[in-house]
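# Tertiary structure, described
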Amino acid sequence: MANQEQDTIAHLLKVEEEAAELIVQAQEQSDKEIAAARAQADSDYNQKYESMASQMEGDYKNKIASIQEEHKNKLEEYKAQIEQTPKDVGAFNKLLEKIL
């Protein structure tokens with residue numbers, strides 16, 4: 001009977017060792033899957049980030065170009081308006097003489 005108890009205890013210890021090994025293997029597999037999922041998520045995030053950043057930078061450059069073009073056009077219009085303004089040289093000279 002003692003021998004049967006020892007065999008039963010040995011068998012239970014062997015089952016426990018196998019269970020512990022299965023747990024270790026499951027944990028290792030879980031760690032690998034988590035690492036792979038994290039790497040994929042990081043890759044997806046970086047790809048989307050770069051895409052959005054590139055799009056926003058393009059929009060920014062287009063807006064800057066548009067504003068610069070608008071500024072240039074308004075400045076040209078102002079210059080044209082100034083050049084079309086009649087000059088009263090006589091009144092200007094009188095003003096200079098008065099000031100000086």
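That block above? That's the structure.
This write-up is about the structure you can find in this document. Here the structure is a predicted model, which is why all the values come from computation and not from measurement. (Residues numbered from 1 in each chain as written. Predicted model: local features only at pLDDT ≥ 70, side-chain atom pairs only at ≥ 80, totals over all residues. Heavy atoms only, no water.)

## Re the overall build of the chain
This is how it is decided: Put simply, DSSP marks the helices as runs of H or I at least four residues long and the strands as runs of E at least two long, and each gets a number from the N terminus on. Our radius of gyration is a C-alpha quantity, and the globule rule it is checked against amounts to 2.2 Å times the number of residues to the power 0.38. Relative accessibility thresholds used throughout: buried, under 20% of the residue-type maximum; exposed, over 50%; partly exposed, between the two (1.4 Å probe, protein chains only). Here the open area of atoms and residues is found with the Shrake-Rupley method and a 1.4 Å probe, where only the protein chains shown may cover a residue. In this tally, Lys and Arg are treated as positive and Asp and Glu as negative; His is ignored, and so are the chain termini. A charged residue contributes its charge at one atom only: NZ of Lys, CZ of Arg, CG of Asp or CD of Glu.
A tally of helices and strands in the chain yields two helices and zero strands. For 100 residues, the compact-globule formula gives about 13 Å, and the C-alpha radius of gyration of the chain, at 42 Å, lies well above that figure. Referenced to the eigenvectors of the C-alpha coordinate spread, the extents of the chain come out at roughly 135 × 30 × 10 Å. Looking at the 100 residues of the chain, the share that counts as buried comes to 0%. Counting every atom, the chain has about 9,700 Å² of accessible surface; 57% of that belongs to carbon and sulfur. Distance between charge centroids for the chain: 22 Å, based on 12 positive and 21 negative side chains.

## Let's talk about the environment of Ala-41
If you trace the backbone, Ala-41 turns up in helix H1 (residues 2-84). C-alpha separation for the pair Ala-41 and Lys-61, spaced 20 residues apart in sequence, amounts to 30 Å.

## Overview of the pattern of salt bridges
For clarity, the threshold we go by: By definition, a salt bridge exists where a carboxyl oxygen of Asp or Glu is found within 4 Å of a side-chain nitrogen of Lys or Arg.
A full pass over the atoms with the stated rule returns two salt bridges. One salt bridge connects Glu-57 with Lys-61, and the closest N-O pair in it is separated by 3.4 Å. Of this pair, Glu-57 and Lys-61 both sit in helix H1, separated by four residues, roughly a single helical turn. Accessibility expressed as a relative area gives 44% for Glu-57, which makes it partly exposed. Residue classification places Lys-61 among the exposed positions, given a relative accessible area of 51%. Between Glu-70 and Lys-74 there is a salt bridge; the shortest N-O distance is 3.4 Å. Of this pair, Glu-70 and Lys-74 both sit in helix H1, four residues apart, roughly one helical turn.

In short, the description is geometric, and any link to function would need to be established separately.
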